[in-house]
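An overview of the molecular structure
Given next are the chains, with one letter for each unit.
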Amino acid sequence: MELTIFSPAKINLYLAVTGRRADGFHDLLSVVGQLGLGDVLTVESGPPRTFTLTCDDPQVPVDGSNLVLQAARAFVAATGWEGGAAFRLIKHIPVGAGLGGGSSNAVAALRALNRLASEELDAPSLAVLAAQLGSDCTLFLHDGPVVMQGRGERVEPLGPAAARLAGRKVLVFKPGFGINTGSAYRRMAAEAPRWYLPPPAARAQLAAWLDSPTAPAEQLLFNSMEGPAFVKFCALPALLDRLVERFGLVPRMSGSGSACFALLADSAPVADITACIHDAWGPAAWVVETRLRG
């Protein structure tokens, strides 16, 4: 039996990091949208209790450090399933981008294994397992925009406001370097509370957009992780400022970076914007036009 699972990228449209927890994780409030851009994970039944992974991107490790194989081990531990699987991963989401590629791949693996195992786990059990694999894994069990809270494991659909996001054109772009998520959060914590947004302020900011039915998606955009990232990686704000000045965009960084994005009107001059990005970041810059999933 062989299954092919789409593994979408995500962007943080709104991300307020509100403080550090006693367990070392950070609390956050975030609105996350999934993209039409994504990886493809193919899963084929294999020998019992044997899991292998191949990938077309040489930067991606295919040993036990990969979240796909960690998801397989967690699934077996939770269910006692005796099967095995061979995973083949085709990458379109760059590494170190803040686009959730690894977490999305892990959830794609869980979904595939659950189907191979004849739906051993119900939706709540899958959510518990996903949360154990990574803070932002649970969001990929949902198909539309979501609100994340806690360290990312508390996820609920955005609700009616999702209509303001669904189908919006998005340009996603990344410089030739990535940003390690753990290092980004450690840098933020080292300068606390400079970059944290207090929980009441974060909730009020999000509520103001949710309670304004005519407010466009651009008014939602915010990322408190930009502060520490922009201090260290000045190429990011330099380009984003140029996109504001030349095209009137509202560009933001996604998650801990280094990928950034801008919501576009359908009539936006994509070729000119792309040329501006390459002029600033060079030919190594990665640029993709996609849309928010509904």
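Preceding this section is the structure that the text describes.
First, a word on scope: everything that follows refers to the structure included in this document. What you see as residue numbers is a count from 1 along each chain, following the sequence as written. Selection of residues for local features in this predicted model requires a pLDDT of at least 70, selection of side-chain atom pairs for listing and counting requires 80 or more, and totals for whole chains, interfaces and linings are taken over all residues. Think of the side-chain values as coming from all heavy atoms in the structure, minus any hydrogens and water.

Only runs of H or I of at least four residues qualify as helices and only runs of E of at least two qualify as strands under DSSP, and these elements are numbered from the N terminus. When its secondary structure is counted, the chain shows eight helices and 11 strands. Computation of the radius of gyration draws on C-alpha atoms, with the globule rule given as 2.2 Å multiplied by the number of residues to the power 0.38. Relative to its length of 294 residues, the chain is compact, with a C-alpha radius of gyration of 19 Å against a globular reference of 19 Å. Judged by the C-alpha coordinates and their principal axes, the chain covers about 60 × 40 × 40 Å. For the purpose of charge, His is not counted, nor are the chain termini; Lys and Arg are scored as positive and Asp and Glu as negative. Just so you know, the charge point we use is NZ for Lys, CZ for Arg, CG for Asp and CD for Glu. Looking at the chain, you have 25 positive and 26 negative side-chain charges, and the mean spots of the two groups are 4 Å apart.

So, about the packing of helix H1 (residues 67-79) against helix H2 (residues 101-116). To obtain an axis, a line is fitted to C-alpha atoms, over the contacting stretch when the element is a helix, and the angle between two such axes runs from 0 to 180 degrees between their N-to-C directions. Contact geometry for H1 and H2: axes closest at 8 Å, N-to-C directions at 40 degrees. The orientation of H1 relative to H2 falls into the category oblique. At the point where H1 passes H2, the crossing takes the right-handed sense. In this structure, H1 contributes Leu67, Val68, Ala71, Ala72 and Phe75 to the contact, and H2 contributes Gly102, Ser103, Asn105, Ala106, Ala109, Leu110, Leu113 and Asn114. Tallied by class, residues from the contact of H1 with H2 come to nine nonpolar, four polar and no charged. Angle categories are assigned with fixed cut-offs, so that under 35 degrees is roughly parallel, over 145 is roughly antiparallel, 65 to 115 is roughly perpendicular, and the rest are oblique. Two helices cross in a left-handed way if the nearer one is turned anticlockwise from the farther one by less than a right angle. They cross in a right-handed way if the turn is clockwise. The criterion used for residue contact is that any of the two residues' heavy atoms lie within 4.5 Å. Just so you know the grouping, Ala, Val, Leu, Ile, Met, Phe, Trp, Tyr, Cys and Pro go in nonpolar, Asp, Glu, Lys and Arg go in charged, and all remaining residues, Gly too, go in polar.

Turning next to the side chain of Thr42. For Thr42, the location among the structural elements is in strand E2 (residues 26-46). Not counting residues up to four positions away in its chain, the partners in contact with Thr42 are Glu2, Leu3, Thr4, Ala86, Phe87 and Arg88.

Next up on the list: the sheet that holds strand E9 (residues 252-253). At least two bridges found by DSSP between two strands are what make those strands a pair. Pairing is antiparallel in the open sheet, where four strands are placed in the order E9-E10-E7-E11. Two strands lie at the open edges of the sheet, namely E9 and strand E11 (286-291), each paired on one side alone. Judged from the five bridges that link them, strand E7 (residues 169-174) and strand E10 (residues 260-264) form a sheet pairing that is antiparallel. Residue pairing in the sheet places Phe173 in a bridge with Cys260 of E10.

We now examine helix H5 (residues 199-210). Between its first and last C-alpha atoms H5 spans 16 Å; for 12 residues at 1.5 Å apiece the expected length is 16 Å, and the two agree. The complete set of buried residues in H5 reads Ala202, Leu206 and Trp209. Here the buried residues of H5 occupy an arc of 55 degrees about the axis, which is enough to place them on one side. Seen from the buried face of H5, the exposed residues on the opposite side, beyond 90 degrees, are Pro200 and Arg203. Helix span, as expected, comes to 1.5 Å for every residue beyond the first. Residue exposure (1.4 Å probe, protein chains only): buried if accessible area is under 20% of the type maximum, exposed if over 50%, otherwise partly exposed. This arc describes the spread of directions from the helix axis toward the C-beta atoms.

A side-chain nitrogen of Lys or Arg and a carboxyl oxygen of Asp or Glu constitute a salt bridge if their distance falls within 4 Å. Following the criterion strictly, the structure yields 12 salt bridges and no others. Note that Arg168 is salt-bridged to Glu218, the shortest N-O span being 2.7 Å. Taken together, the residues span a long stretch of sequence, with Arg168 in the loop between strand E6 (154-157) and E7 and Glu218 in the loop between H5 and strand E8 (222-223) at a distance of 50 residues. Among the residues examined, Glu218 registers a relative accessible area of 23% and is labelled partly exposed. Arg242 is the partner of Asp279 in a salt bridge, and the nearest nitrogen-oxygen pair spans 3.1 Å. Placement of the pair is Asp279 in helix H8 (residues 270-281) and Arg242 in helix H7 (residues 235-247), with a sequence separation of 37 residues.

The pairing test for Phe, Tyr and Trp rings, Trp by its six-membered ring, is centres within 6.5 Å, and the orientation test on the planes gives stacked under 30 degrees, edge-to-face over 60, and tilted for anything in between. Counting across every chain of the model gives six aromatic pairs. On the numbers, 5.8 Å between centres and 45 degrees between planes, the contact of Phe173 with Trp281 is tilted. Here Phe173 is found in strand E7, whereas its partner Trp281 is found in helix H8, with 108 residues between them in sequence. Like Phe173, the residue Trp281 is buried in the burial classification. Centroid distance Phe177 to Phe233: 5.1 Å. Interplanar angle 20 degrees. Geometry classified as stacked. Of the two residues, Phe177 is situated in the loop between E7 and helix H4 (181-190) and Phe233 in the loop between helix H6 (226-232) and H7; the sequence distance between them amounts to 56 residues. Judged by its relative accessible area of 18%, Phe233 is buried. In this structure an aromatic cluster arises from ring pairing among Phe51, Phe75, Trp81 and Phe87. We call a charge positioned over a ring when the NZ of a Lys or the CZ of an Arg lies within 6 Å of the ring centre and within 35 degrees of the ring normal. Taking the ring centre of Phe233 as reference, the NZ or CZ of Lys232 above it sits at 5.6 Å.

So far we have only geometry, and geometry alone does not tell us how the molecule works.
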